[in-house]
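Architecture at a glance
Given next are the chains, with one letter for each unit.
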Amino acid sequence: MAKSLKSPLAILSSAAMSMPALSASQPSETLVSVATSIYQEGDARSDAVAFGDQERFEVKTNQFYLSSPIGRNWSGTVSYDNEAMSGASPWGTIEGADGDYQLIMSGASIDDSRNGVDLSLTRHWRKQSIGVSVGYSGEHDYHARSVGITYERDFLKKNTSLGLSASYSTDDITPTDAQLFQRLDSGSKHSRSYYVSINQLLTPVAMINLGLGLTRRDGYLSDPYKLRDVRPGKRLERTFTAQYRHYFDWQSTTLAANYRYFWDSYAIDAHTGDAQLTFGTGSRVEWGPTLRLYGQSAADFYVPWDDYGLEDTIAQSSDHRLSSFGAVSLGLKARFKMGPAHIVARYQQYESKKHLGLRSKTQAHPGLIRFKVVSLGAEYRF
Amino acid sequence: MRLNAYRFTAMGTPCELKIVGSKRAANEIALRCQQEAQRFEARYSRFIATSIVSQINAAAGKIAVPVDEECAAILEYADICWSLSDGLFDLTSGVLRRVWHRHRSAVPTREEVEACLALIGWQKVRRTQEGVLLTQPGMELDLGGVVKEYAADAIAQLIKDAGFDSAVVNLGGDIYCLGFSPEGVPWRIGIVNPLAEGPLAEAPLVNRGVATSGGYERYRVIEGKRYSHLLNPHTGFPVKSLMSVSVMAETVVAAGSIATIAMLKEEASGLAWLASSGSAYVAMTQQGDTIVGNPE
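Please read these numbers as outputs of a predicted model, since none were measured by experiment. (Residues numbered from 1 in each chain as written. Chains lettered and ligands numbered in written order. Predicted model: local features only at pLDDT ≥ 70, side-chain atom pairs only at ≥ 80, totals over all residues.)

Quick notes on the overall build of chain B
Applied cut-off: In this description a helix means any DSSP run of H or I spanning at least four residues, a strand means any run of E spanning at least two, and both kinds are numbered starting from the N terminus. Buried residues are those with 20 or more other C-beta atoms within 10 Å of their own C-beta, exposed residues have 12 or fewer, and partly exposed residues lie in between; C-beta atoms are placed from the backbone. Distance between backbone-placed C-beta atoms decides contact: two residues are in contact if it is within 7 Å.
The helix and strand inventory of chain B stands at seven helices and 14 strands. Looking at chain B as a whole, 48% of its 296 residues qualify as buried. Intrachain contacts of chain B at a sequence separation of at least 6 include 58% that bridge at least 24 residues.

So, the overall build of chain A
A count of helical and extended segments in chain A gives one helix and 19 strands. Out of the 382 residues in chain A, the part that is buried amounts to 23%. In chain A, the proportion of contacts linking residues at least 24 apart, taken out of those at least 6 apart, comes to 60%.

Observations regarding helix H1 (residues 8-17) of chain A
In terms of burial, H1(A) is largely enclosed, as ten of its ten residues are buried. Within H1(A), the full set of buried residues consists of A:Pro8, A:Leu9, A:Ala10, A:Ile11, A:Leu12, A:Ser13, A:Ser14, A:Ala15, A:Ala16 and A:Met17. Elements that come into contact with the buried residues of H1(A) comprise helix H3 (69-84), helix H5 (144-161), strand S12 (244-249), helix H6 (252-263) and helix H7 (267-277) of chain B.

Focus on the interface of chain B and chain A
Rule in force here: Side-chain classes follow a simple rule in which Ala, Val, Leu, Ile, Met, Phe, Trp, Tyr, Cys and Pro form the nonpolar group, Asp, Glu, Lys and Arg form the charged group, and the remainder, Gly included, forms the polar group.
Contacts between the two partners involve 27 residues from chain B and, on the opposite side, 23 residues from chain A. For the side of chain B that touches chain A, the secondary-structure elements that each account for two or more residues are H3, H5, H6 and H7 of chain B. Per-element accounting of the side of chain B that touches chain A gives the leading share, ten residues, to H3(B). Of the residues assigned to the side of chain B that touches chain A, the class counts are twelve nonpolar, nine polar and six charged.

Quick look at H3(B)
Stated formally: What a helix should span is 1.5 Å times the count of its residues minus one.
End to end, H3(B) covers 23 Å across 16 residues, agreeing with the expected 22 Å (1.5 Å per residue, within 8%). Every buried residue of H3(B) is listed here: B:Cys71, B:Ala73, B:Ile74, B:Leu75, B:Tyr77, B:Ala78, B:Ile80, B:Cys81, B:Trp82 and B:Leu84. Those residues of H3(B) that are buried lie in contact with H1 of chain A together with helix H2 (52-58), strand S3 (125-128), strand S4 (131-134), H5 and H6 of chain B.

Looking at the confidence of the model for chain A
For the record, the criterion: pLDDT expresses, on a scale from 0 to 100, how confident the predictor is about each individual residue.
Mean pLDDT for chain A: 87, with 93% of residues reaching 70 or above. Within the model, pLDDT remains below 50 along residues 1-5 of chain A, and this stretch shows 14 contacts once partners closer than five positions in the same chain are excluded.

Some points on the packing of helix H1 (residues 23-44) of chain B against H5(B)
Residues and elements named next belong to chain B. The line we're drawing: Angles here are taken between N-to-C directions and fall from 0 to 180 degrees, while the axes themselves are lines fitted to C-alpha atoms, restricted in helices to the stretch in contact. Working definition: roughly parallel below 35 degrees, roughly antiparallel above 145 degrees, roughly perpendicular at 65 to 115 degrees, and oblique for all remaining angles. Two helices crossing with the near one rotated counterclockwise from the far one by less than a right angle form a left-handed crossing, whereas a clockwise rotation gives a right-handed crossing.
Interaxial distance between H1 and H5 falls to 10 Å at its minimum, and their mutual angle equals 155 degrees. One element, H1, and the other, H5, form an angle in the roughly antiparallel class. Of the two elements, H1 crosses H5, and the hand of that crossing is right-handed. Contacts between H1 and H5 involve Ile29, Arg32, Cys33, Glu36, Ala37, Phe40 and Tyr44 from the first element and Val147, Ala151, Ala154, Ile155, Leu158 and Ile159 from the second. Looking at the contact of H1 with H5 residue by residue, the class counts come to eleven nonpolar, no polar and two charged.

Structure representation (structure tokens):
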């Protein structure tokens, strides 16, 4: 979505950049950004917890990002992020005395950190580019490595562009206290993803992007920290995405509206719609609200409470993320520009609800979360 | 590092290059820049019979003239300017010069102006695979409002591609500043004061362009009254616009079109356009007030 829609300046600048003398699609400036954020889940209700801690997850994240042209035809990006996680997570669910489902939580002993690094290198030609990327993410019990390739091509005077990408990742997990809790010693999974998208400038102030994605995962896909969690060892995920951008003269407003449909071999259907308004686009202060709505159906092996009577080869999971639920999140974002330096502040609050889910038959999962995210970042361009 | 300066004339305007680097390398690139400016003139001037613009104009109402990628891109860019300006930025509006020329001793009559207006309209320009067709005989295309600015960007890109990182390209007031000056500070470009000696303001520029549009430079006095050379393509009459506008942007061509569109609007709406454009600008009103907006 590089050719986003903004002020007349931005529209004309991007139009100018597609003229032959200036049309190297390589980034023309170096961008450095740092950001810090806090993600805080609301505590579980006391009546929803049968055992364990009510305090849920908190994640503190620090991010660094650098993107820069390299020579005349290349560009590269480096990103690094560090997350510190603490709190308790659901181990499972049981049926309470009054027929309600209750959570069995871990003690608030989870205290982990994750470090991730991603590198990409892109070669640009006049109308096309090819990029390769590698990534690594590691926690003390989890290591993931990925490689990817992307191809982009502009058509019809850059009014249309096609994007293709493919990636492969392999994740290894070695759960802690495996012997103590009879967890799996180690497991691994492999994912292959393919994505195709088409971007079309409709008018100078409107753009649409349509995409189709396919991901195949196989290997150990269960959650080893749950008391009983057995998921099918193969998962096929499909997504359809539509993104629309429109610039309005009124208050220099940009509307970004997105829709995503997800359906997978676990029988989960999910719809996501979100909209973001940005006022004062191109001016020194840009700000605006965001609204996001989400709804999904349950996986076909979802169980409201863990059934220890079933053989441990039969698929079942009481993970709230596999239940039928929906969510609403509201946010505010502001960007303050001081020449080449920008400060970006974001706030988001999210609440998941059972009644917003699709084809819901069971009771609300007691583990459905609400959270808040506050983030602050700085960017510098030169 | 040495500052090498060059002057030449192209596109009917004095041009100046300042290139920081060794004299030999700078001489070589300056020559290429001059040739490039002359190529733009030969290709897009409506006064040169062999230019693509003259060919399109000569074929008006008859046949489509094939154009190359560069010309198509310039027309595509002009199309975006036309949409953004609600039709004020119109490359076919040059025919109004037939009735608003400088030797005119009386204000044109309504009939004269309306005869011209019938030949104006970007929507009457058909751009297809076969080429560009002005659909009515007598229509005229004038790329003057885009090509000089675009040439300044293209020449700056030539200098940059040759490995220089400090230079100023000035094509008749359409200026691009590449990198920092030899002193290591931003290049400082004076913005013309239409009412007095000395600059109105100084713009510090690094990898940016500035373009100025002003009704003060070229105007006609008819029956003792001053008329701007900027003509509204909808009414066919001169615009009571700002006195002058200078716009700073990443490219000279974007700066130039934002400034031109501002000058094609009435004073108040010109100022509103500038304020919402997202670009840094310096404008002077007819009363002589200076307004600086969106400073960087």
